[in-house]
Amino acid sequence: MKPVTCHIKERSMLARLAARYMGGNQIAMVIGKTIHLHGTSREDFLRHKWWVRHEICHVMQYRELGFFPFLWQYIWECIRVGYYANRFEVEARAAERDAAIMERVIIL
Ligand SMILES: [Zn+2]
C-alpha cells in the first residue's frame, strides 16, 4: 500500500483542549492525517520514536476505518471501557515497539 502523508501541527488549540481535559502537559493527538501537538515541539516529538509510532498507529486506524467511523468507534470505546483499555489505544501501545510501522508513512 502507498505510504500515507502525515502532517504535524505544533501549538494546536485542539491538543491544548485535550491536554486540559486529560490533565497532561505534553500531548499529541491525531485527527485524520495530522498529528496535533501541545506542550512539545515537532523536534522533541520526533525524537521519541515510541511516541511517533504510537501516533502513526492512530493515523493507520483512521485510514482503515475511515474518518468518522474511527472517531465514533474511538469515542464509544472510551465511554465503554475507558481510555487505557480502549482497543485502539491497546493497539497503539503495541505499535510503539514496531519500527516497521514507519515505512507506512511520510511525515512532512
Ligand atoms: Zn493513543
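One structure accompanies this document, and this report is about it. Keep in mind that this is a model prediction, so the values were computed, not measured.

Overview of the sheet that holds strand β2 (residues 27-31)
Part 1 of the argument: One open sheet holds the 4 strands; their spatial order is β2-β3-β1-β4, and the pairing between them is mixed. Strands at the two margins of the open sheet, each flanked by one partner only, are β2 and β4 (105-107). Across the sheet, the axes of successive neighbouring strands diverge by a mean angle of 25°, strand direction being ignored.
Part 2 of the argument: In this sheet, strand β3 (residues 34-38) lies alongside β2 in antiparallel orientation, the contact comprising 5 bridges. Considered in β3, the bridge of I31 is made with T34.
Part 3 of the argument: Strands β2 and β3 of the sheet are contacted by helix α1 (residues 13-22), whose axis makes an angle of about 125° with β2.
Part 4 of the argument: Those strands touched by helix α3 (residues 49-65) are β1 (4-9), β2, β3 and β4, and its axis lies near 20° from that of β2.

Examining the packing of aromatic side chains
Part 1 of the argument: Tallying each qualifying case throughout the model produces 9 aromatic pairs.
Part 2 of the argument: Here the aromatic rings of W72 and W76 are separated by 6.5 Å at their centres, their planes lie at 15°, and the arrangement is stacked. Linking W72 with W76, this pair stays in helix α4 (residues 67-81), spanning 4 residues, or about one helical turn.
Part 3 of the argument: Looking at W72, the relative accessible area reads 58%, which means it is exposed.
Part 4 of the argument: A relative accessible area of 44% means that W76 is categorised as partly exposed.
Part 5 of the argument: An aromatic cluster of three or more residues is present, and its members are Y62, F67, F68, F70, Y74 and F88.

The rules behind these values
- Residues numbered from 1 in each chain as written.
- Predicted model: local features only at pLDDT ≥ 70, side-chain atom pairs only at ≥ 80, totals over all residues.
- Heavy atoms only, no water.
- Pairing = 2+ DSSP bridges.
- Helix = DSSP H or I, 4+ residues; strand = E, 2+ residues; numbered from the N terminus.
- Axes fitted to C-alpha atoms, helices over the stretch in contact; angles between N-to-C directions.
- Contact = heavy atoms within 4.5 Å.
- Phe/Tyr/Trp six-rings, centres within 6.5 Å; stacked < 30°, edge-to-face > 60°.
- Buried < 20%, exposed > 50% of the residue type's maximum accessible area, 1.4 Å probe, protein only.

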